[in-house]
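Results of the structural survey
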Amino acid sequence: QVQVVESGGGLVQPGGSLRLSCVASGSILSIPVLGWYRQAPGKPRELVARVTKDGSTNYGDLVKDRFTISRDNAKNTVYLQMNSLRPEDTAVYYCIAVLRSRWDTSDSNYWGQGTQVTVSS
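Here is a short report on the structure shown in this document. (Residues numbered from 1 in each chain as written. Predicted model: local features only at pLDDT ≥ 70, side-chain atom pairs only at ≥ 80, totals over all residues. Heavy atoms only, no water.)

1. Description of the pattern of salt bridges
- Enumeration over the complete set of coordinates arrives at 5 salt bridges.
- As a salt-bridge pair, Lys64 and Asp61 come within 3.2 Å of each other at their nearest N and O atoms.
- Judged by its relative accessible area of 43%, Lys64 is partly exposed.
- Its salt-bridge partner being Arg100, residue Asp107 comes within 3.3 Å of it at the nearest N-O pair.
- Accessibility expressed as a relative area gives 30% for Arg100, which makes it partly exposed. (Salt bridge = Lys/Arg side-chain N within 4 Å of Asp/Glu carboxyl O. Buried < 20%, exposed > 50% of the residue type's maximum accessible area, 1.4 Å probe, protein only.)

Below is the structure:
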């Protein structure tokens, strides 16, 4: 059994900051990729950022230079530092862990339940 659990969402004023955390737990053999997606009402889910086990990162165009993704391999944890937040960043943020558990025959996607981020004055 694998669990992916996010934390750190909430309400913040425009220009403010938030830090999201996500931990993957269970019988995990490896986690090649950890990342964050978001989905606003009426919009498709979109990539926010992703980081590989060796530290290579990719960011969505809308968050470059404002958000920073990092991971702690020893803790199976990924973080998303969000600065200069804007109302359009309001969405449910989902953590994704591309990993191989003891039951998987190949790398599989495991999603968290999502955490709400609201940017409003």
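What follows continues from the structure just given.
2. Considerations on the state of the cysteines
- Applying the stated criterion across every chain, the model contains 1 disulfide.
- Between the sulfur atoms of Cys22 and its disulfide partner Cys95 the distance amounts to 2.1 Å. Between Cys22 and Cys95, the S-S torsion sits near -85°, and that sign places the bridge as left-handed. You can see Cys22 sitting in strand 3 (residues 18-26) and its partner Cys95 sitting in strand 9 (residues 91-101), a full 73 residues away along the chain. Across the pair, exposure class does not vary: Cys22 and Cys95 are buried alike. (Disulfide = S-S within 2.5 Å. Helix = DSSP H or I, 4+ residues; strand = E, 2+ residues; numbered from the N terminus.)

3. Here we look at the pairing of strand 10 (residues 108-111)
- As paired strands, strand 9 and strand 10 are joined by 4 bridges and run antiparallel to one another. When the bridges of strand 10 are listed, Leu99 appears paired with Ser108.
- Linkage of strand 9 to strand 10, two consecutive antiparallel strands, is achieved through a turn of 6 residues. (Pairing = 2+ DSSP bridges.)

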